[in-house]
Amino acid sequence: MAAESMDKLVALCKRRGFIFQTNEIYGGLQGVYDYGPLGVELKNNLKRAWWNAMVYERDDIEGIDSSILTNPLVLKQSGHEETFSDPLVDCKSCKARIRADHLKDGKCPECGSDDLTDPRPFNLMFKTNVGPIEDGSSFAYLRPETAQQIFTNFKNVIDSTPHHLPFGIAQIGKAFRNEITPRNFIFRVRELEQMEMEFFVRPGEDEKWHKTWTDLRVAWWEKQGINKKSIELLDVPKNELAHYSKATIDIMYKYPHGLEELEGIANRTDFDLGSHTRDQSKLRITAKVDKNTKSNAKLAVQDPETKEWVVPYVIEPAAGVERGVLAVLNEAYRVEELEDGKERTVLSLKPHLSPIKAAVIPLKKNNEDLVNKAKELKNALQSLGLGRVLLENSGNIGKNYRRHDEIGTPICITVDFESLEDGTVTIRDRDTMEQSRLDIASVSDHFKKTIDN
Ligand code: ATP
C-alpha cells in the first residue's frame, strides 16, 4: 500500500522529524530541504545499502569521494556548459517561469494563459566565485552530477588498483541543479544527492552490460521494499536522450504525484573518457567528442592481449537519494483500521532502512529497576552495530507503540515487573502487532534476525 497523496507524506515527515523545509524560520529556500533526526538515519541507511551492493558485495567496483567544486574546463569538455539546460518559457500574464515540457496543454500551469514567450535554453549549473576577487574571472561550478569527477579520476583509480575491464567506480554525493521549477516535495530539488556508478566495459560489450545493470538495479529497488508493480521501465526516446547517451533506460516509480524517474541507467559510450583525453588521434573513439581538450590525460586502457589502447564504454546507473527516500517512504506508508474502530499509521519499511531498529520501553517511567534493566538491554543491542536502538523512558506503552509504528521501528521490547523476576520481556512486532514473551538472553538473536531480513 502507499500514501494516496503527497500531503500525507509531507505531514508525517514534518510531524515525526524526517524532513523539514530548509531555513523555514526565514521563509525557506525553494527546492532545498533538511533531514531531521529520523530522516538522516533513513537516508544514511539507504546510502549504506547502495554502497554495500555496489562496492562491498562485489570485487570489481571501487568507491571514491570527490570534490563538489569543479574546474569549469571539466564541464566545458563534458558538454555540460553547452547542453545541460532545460527549455525555459515565461508567462507574459502572471510572469511565472516554467519549463516548456511542464506546460499544461501548451498553457501556463499557474494561470492558464497561453500568452507565453518562445522557449529558450536555461543552463542548470550553479557557479561560485573562487578566491577573494569577485570579478568573475575565477569561478568554479558546483557539480551538476557526481559522474564527471569519476571520469576525471579514472586514471588515478585504474593506476592505483589492480583492475582490468570490466570494472566500476562508485560515488555518493551532493550535486546541484538550478531547476526552473523545483516541486513535489523532495522529488525535484536544487540541492540533491546522487548515488552513481560508472561501469567501464569493452566497446561492443556495452549493450549486454546495459541490460545486466538494468536488471540488477530493479532487483535492488525491490530489496528496498519497492513493489515491482510500482515500477515501469522507460526506454528513453532517441530525441530525448542526454547529449552523451546512446541509450537510456529510466526506472520509473509511481510517486503520489505520478509516474516519474527514480533512476536512469545510461549507456554513455566512450563520450566522457574520450572528451577528457588529450591526444585522441591514435585512439578509436566512436562518440563525437570535442577535440580541443586542455586535459593532460589519456583516459584509455591497454588490452593485455592485443596491446591495443581502448577507450572504455561506460554504463551508468544513476539514482537520486531524495527520490529513493520518497519512494521507500511512499511504498511503506499505510493506514490500517483497527478492531476498536481507531486507525493506526504504519511505515512498513524494510528493517535495514528503519531509522530506529528497536525501541526498549520500561513499563513504568522513571522506575529505577525497570529503567536499569531496559538500559542494559538497549546497550547490548546497540553494541551489535546494526543501527540506532532507542531507550524510551516516557511511560505510556500504547502511545510508544503508535509512535514507533508510524516511524517504522520493526520491534518494540517492553521491560516489565515480570522481567525483573523471570528475565523475560515482551516483543511486539510492528507489522502484525503480535506480542510474545522472550528470554532476555534470546533477544539479541531475535533482533539480528529481524534486521537482517
Ligand atoms: P529529470 O528528467 O527528472 O530532470 P534527469 O534525467 O535530468 O532527471 P539524471 O541526470 O539522469 O536525471 O540524474 C540521475 C538521477 O538523479 C535521477 O534519476 C534522479 O533520481 C536524480 N535527480 C536528478 N535531478 C534531480 C533533482 N532536481 N532533484 C532530485 N533528484 C534528482
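Computed from a predicted structure; not experimentally measured.

**Some details on the state of the cysteines**
Then step 1. Taken as a whole, this structure holds zero disulfides when the rule is applied.
Then step 2. Not engaged in a disulfide, the cysteine C91 finds its nearest cysteine sulfur in C111; these two sulfurs lie 3.7 Å apart.
Then step 3. In this structure C91 comes out as buried when scored by relative accessible area, which is 2%.
Then step 4. Of all cysteine sulfurs, the one in C13 lies closest to C412, which takes part in no disulfide; the gap is 20 Å.
Then step 5. For C412, a relative accessible area of 1% gives the class buried.

**Quick look at the site of the ligand**
Then step 1. Among the 16 residues in the neighbourhood of the ligand, the closest are listed as E179, R188, V189, E261 and L262.
Then step 2. For the ligand, an oxygen atom lies 3.0 Å from a polar atom in the side chain of R177.
Then step 3. With the chains in place, 84% of the 590 Å² that the ligand exposes on its own is no longer accessible.
Then step 4. If you list the elements that add at least two residues to the shell around the ligand, you get strand 11 (191-201), strand 14 (258-269) and strand 17 (313-320).
Then step 5. Element by element, the count of residues in the shell around the ligand is highest for strand 14, at four residues.
Then step 6. Among the residues making up the shell around the ligand, the classes are represented as six nonpolar, three polar and seven charged.

**Considering the domain arrangement of the protein**
Then step 1. For the protein, the assigned domains read domain 1 (6-78 + 127-329), domain 2 (85-123) and domain 3 (354-452).
Then step 2. Taking the mean C-alpha position of each, domain 1 and domain 2 sit 28 Å from one another.
Then step 3. Contacts between domain 1 and domain 2 engage six residues on the former and eight residues on the latter.
Then step 4. Interface area for domain 1 against domain 2, summed over the two sides, is near 590 Å², with a carbon-plus-sulfur share of 56%.
Then step 5. Three residues stand out in domain 1 for area buried against domain 2, namely I180, T181 and R183, and they jointly supply 69% of the buried area on that side.
Then step 6. Where E179 meets R99, a salt bridge forms, and the shortest distance between an N and an O atom there is 3.8 Å.
Then step 7. Inspection of the domain 1/domain 2 interface yields one residue pair in polar contact (both at pLDDT 80 or more).

**A look at the sheet that holds strand 10 (residues 167-176)**
Then step 1. One open sheet holds the seven strands; their spatial order is 3-10-11-17-14-13-12, and the pairing between them is mixed. The sheet is open, and its two borders are formed by strand 3 (61-63) and strand 12 (231-235), each paired with just one other strand. For this sheet the average axis-to-axis angle between neighbouring strands, irrespective of direction, equals 25°.
Then step 2. Sheet strands in contact with helix 7 (residues 206-223) are strand 3, strand 11, strand 12, strand 13 (247-255), strand 14 and strand 17, and its direction is about 150° off that of strand 14.
Then step 3. Contacting strand 11, strand 13, strand 14 and strand 17, helix 9 (residues 321-332) crosses the sheet at an angle of about 40° to strand 13.

**Quick look at the pattern of salt bridges**
Then step 1. A complete count under the given rule lists 31 salt bridges for this structure.
Then step 2. Residue R403 pairs with E392 through a salt bridge whose shortest N-O separation is 3.1 Å. In this pair, R403 is assigned in helix 11 (residues 397-407) and E392 in the loop between strand 21 (388-391) and helix 11, connecting sequence segments 11 residues apart.
Then step 3. Here the salt bridges do not stand alone but share partners, grouping R334, E336, R344, R402, D405 and R428 into one network.

**A few points about unusual backbone geometry**
Then step 1. Each neighbour pair has its own omega, and for L165 with P166 the value is -5°, a cis peptide bond.
Then step 2. Checked against the element boundaries, P166 lands in the loop between helix 6 (154-160) and strand 10.
Then step 3. Phi at K95 is positive, roughly 70°, even though this residue is not glycine.
Then step 4. Residue position: K95 is located in the loop between strand 5 (85-90) and strand 6 (97-99).
Then step 5. Classification of K95 as exposed rests on a relative accessible area of 61%.
Then step 6. Although it is not a glycine, D105 sits at a positive phi angle of roughly 50°.
Then step 7. Tracing the backbone shows D105 in the loop between strand 6 and strand 7 (120-123).

**Things to note about a nonpolar patch on the surface**
Then step 1. On the surface, a cluster of nonpolar side chains totalling about 240 Å² of accessible area is made up of L363, F417 and L420.
Then step 2. Classification of L420 as partly exposed rests on a relative accessible area of 37%.

**Examining the packing of aromatic side chains**
Then step 1. Under the defined criterion, the tally for this structure stands at 12 aromatic pairs.
Then step 2. Measuring from centroid to centroid gives 6.4 Å for W50 and W51, while their planes differ by 45°, and the two rings are tilted.
Then step 3. Overall, the relative accessible area of 0% leaves W50 in the buried class.
Then step 4. Cation over ring: K43 sits above Y35, and NZ or CZ is 4.2 Å from the ring centre.
Then step 5. Positioned over the ring face of W309 is K298, at 4.0 Å from the centre of the ring.

**Focus on the sheet that holds strand 5**
Then step 1. Spatial ordering of the open sheet is given by 6-5-7, a layout of three strands whose pairing is antiparallel. The open sheet has two free edges, formed respectively by strand 6 and strand 7, since each of these has just one partner strand. Direction aside, the axes of adjacent strands within the sheet are offset by 50° on average.

**Topic: the environment of T293**
Then step 1. Relative to the helices and strands, T293 resides in the loop between helix 8 (271-275) and strand 15 (301-302).
Then step 2. Considered as a pair, T293 and V74 are 219 residues apart in the sequence and their alpha carbons are 9.0 Å apart.

**Regarding the packing of helix 10 (residues 368-382) against helix 13 (residues 440-452)**
Then step 1. Between helix 10 and helix 13, the shortest axis-to-axis distance is 10 Å and the interhelical angle comes to 35°. Like other packed secondary-structure pairs, helix 10 and helix 13 cross with a definite hand, here right-handed. Judged by residue contacts, K373, L377 and L381 of helix 10 engage I440, V443, S444 and F447 from helix 13.
Then step 2. Its residues assigned to classes, the contact of helix 10 with helix 13 comprises five nonpolar, one polar and one charged.

Definitions and limits used
Residues numbered from 1 in each chain as written. Predicted model: local features only at pLDDT ≥ 70, side-chain atom pairs only at ≥ 80, totals over all residues. Heavy atoms only, no water. Disulfide = S-S within 2.5 Å. Buried < 20%, exposed > 50% of the residue type's maximum accessible area, 1.4 Å probe, protein only. Near = heavy atom within 4 Å. Polar contact = N/O pair within 3.5 Å; in protein donor to acceptor, adjacent residues only side chain to side chain. Areas by Shrake-Rupley, 256 points an atom, 1.4 Å probe, with all protein chains shown as cover. Helix = DSSP H or I, 4+ residues; strand = E, 2+ residues; numbered from the N terminus. Nonpolar A, V, L, I, M, F, W, Y, C, P; charged D, E, K, R; others polar. Domains from an automatic or database assignment. Contact = heavy atoms within 4.5 Å. Buried area = accessible area lost by both parts, 1.4 Å probe. Salt bridge = Lys/Arg side-chain N within 4 Å of Asp/Glu carboxyl O. Pairing = 2+ DSSP bridges. Axes fitted to C-alpha atoms, helices over the stretch in contact; angles between N-to-C directions. Patch = residues over 30% accessible without salt bridge, like charges linked within 9 Å, V, L, I, M, F, W, Y side chains within 5 Å. Phe/Tyr/Trp six-rings, centres within 6.5 Å; stacked < 30°, edge-to-face > 60°. Lys NZ or Arg CZ within 6 Å of the ring centre and 35° of its normal. Left-handed = near helix turned anticlockwise from the far one by under 90°.

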